[in-house]
Amino acid sequence: MAGVEGRVALVTGAGRGIGRRTAELLAGRGAKVMCVARSESELASLGLEFAVADLGTPEGCQSAVEETEKRLGPVEIFVCNHGLGSAHERVIWEQNPDLWRRTMRVNLDGPFYLSRLIVGRMAERRYGRVVFTSSTAGLVAEHAGSAYNSSKHGLLGLMRSVAVDGGEYGITANAVLPGWVRTEMAERSASQEASDRGMTVEQVWEERARLYPPGRVVTVDEVAEAIAFLASEESGGISGEAIRIALGSTE
């Protein structure tokens, strides 16, 4: 895809799952990719430039951006993919306030700090592509997931704000909203659900697959390909959109 060749891309949550595959796709298509996550061993195995950072803090976000600019140059593509899942959440009246705060810190505050640092510099250069990974839970709340649901809904508001504020400067911002994908984070939630309900993990995944018309869950590649397109020059006509990647399901 010529639309990312030579561009500097910062991909968060790049150690595993959707972020990892997105980083690989962008690098394979000629982008200069900085991969950021908390696990050095996972990042090192990618074979790409990486920086270890806690993206739930302003200092961690600052460090990630500074390292990218120092080693690769100004960020032109920002893929905001990191986040915490909902495996340990409970119904709202039993929700742990500390878990709520931690989820918001990582899933919403971090994306704000990073956007604040990156998008203004994109505006100076009058070009930018920003892609957030939200979730179908950003549109339709899942059971016992108030922190995750709220953070993913909030991420769509942040995305739309970036799209509006950055539009006149050649910046687009969009979000992908995957349904169930068998990532490590989703496996943890499946394990917790299986334990809570007295069933096997595979039975949980079979139940999840039945939510979608094809009878399967979304693949990592399907989500990463959508992100890679939205990160490209060719996607310039699309901005402010929340794009479901859910195999035709409306749930």
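Higher on the page you've got the structure.
Keep in mind that what you see is a predicted model, and the values were worked out from it rather than measured. (Residues numbered from 1 in each chain as written. Predicted model: local features only at pLDDT ≥ 70, side-chain atom pairs only at ≥ 80, totals over all residues. Heavy atoms only, no water.)

Caption draft 1: Structural detail: the sheet that holds strand E3 (residues 49-52). Taken in spatial order, the 7 strands make up an open sheet running E3-E2-E1-E4-E5-E6-E7, and their pairing is parallel. Unpaired on one side and paired on the other, E3 and strand E7 (242-245) mark the two borders of the sheet. When the angles between neighbouring strand axes are averaged without regard to direction, this sheet yields 20°. Inspection of the sheet shows strand E2 (residues 32-37) paired to E3 by 4 bridges, in the parallel sense. Bridge pairing links Met34 to Glu49 in E3. Against the sheet, helix H1 (residues 17-28) makes contact with strand E1 (8-12), E2, strand E4 (77-80) and strand E6 (171-178), and its axis sits at roughly 165° relative to E1, the strand it touches most. (Pairing = 2+ DSSP bridges. Helix = DSSP H or I, 4+ residues; strand = E, 2+ residues; numbered from the N terminus. Axes fitted to C-alpha atoms, helices over the stretch in contact; angles between N-to-C directions. Contact = heavy atoms within 4.5 Å.)

Caption draft 2: Inspection of the environment of Pro58 at higher detail. Looking at the secondary structure, you find Pro58 in helix H3 (residues 58-71). In the structure, Pro58 is positioned 59 residues away from Leu117 in sequence and 9.9 Å away in space, judged by C-alpha atoms.

Caption draft 3: Expanded view of the packing of aromatic side chains. In the structure shown here, the tally under the stated rule is 3 aromatic pairs. With a centroid separation of 5.7 Å and 55° between ring planes, the pair formed by Phe112 and Tyr113 is classed as tilted. Seen in terms of ring centroids, Trp180 and Trp205 are 6.1 Å apart; in terms of plane orientation they differ by 80°. Their pairing is edge-to-face. Taken together, the residues span a long stretch of sequence, with Trp180 in the loop between E6 and helix H6 (184-197) and Trp205 in helix H7 (residues 201-209) at a distance of 25 residues. Residue class for Trp180 comes out partly exposed when judged on its relative accessible area of 22%. In this arrangement the basic side chain of Arg7 is found over the ring face of Tyr127, its NZ or CZ atom lying 3.8 Å from the centre. For Arg208, the ring lying beneath its charged end belongs to Trp205, and the centroid distance is 4.7 Å. (Phe/Tyr/Trp six-rings, centres within 6.5 Å; stacked < 30°, edge-to-face > 60°. Buried < 20%, exposed > 50% of the residue type's maximum accessible area, 1.4 Å probe, protein only. Lys NZ or Arg CZ within 6 Å of the ring centre and 35° of its normal.)

Caption draft 4: Looking closely at the side chain of Glu89. Structurally, Glu89 can be placed in the loop between E4 and helix H4 (97-125). A polar contact is formed between the side chain of Glu89 and the side chain of Gln95, at a distance of 2.7 Å. Engagement of the side chain of Glu89 in a polar contact is seen with the backbone nitrogen of Tyr148, the distance being 2.9 Å. When near neighbours in sequence (up to four residues on either side) are disregarded, Glu89 contacts Gln95, Leu99, Ala144, Gly145, Ser146, Ala147 and Tyr148. (Polar contact = N/O pair within 3.5 Å; in protein donor to acceptor, adjacent residues only side chain to side chain.)

Caption draft 5: Summary view of the nonpolar core. By size, the foremost hydrophobic cluster in this structure holds 32 residues, and its most contacted members are Leu10, Val36, Phe78, Ile118, Val130 and Phe132. Setting aside residues no more than four positions away along its own chain, Phe78 makes contact with Leu10, Thr12, Leu114, Ser115, Ile118, Met122, Arg129, Val130 and Val131. If you look at the next biggest cluster of nonpolar residues, it comprises 27 residues, including Ala14, Leu26, Leu230 and Ala231. (Core = buried A, V, L, I, M, F, W, Y, C linked by side-chain atoms within 4.5 Å.)

Caption draft 6: Examining the pattern of salt bridges more closely. The tally for this structure, following the rule as stated, stands at 21 salt bridges. Ionic pairing is found between Glu193 and Arg208, a salt bridge with its closest N-O pair at 3.3 Å. With Glu193 in helix H6 and Arg208 in helix H7, the pair connects residues that are 15 residues apart, well separated along the chain. Using a relative accessible area of 22% as the deciding quantity, one classes Glu193 as partly exposed. (Salt bridge = Lys/Arg side-chain N within 4 Å of Asp/Glu carboxyl O.)

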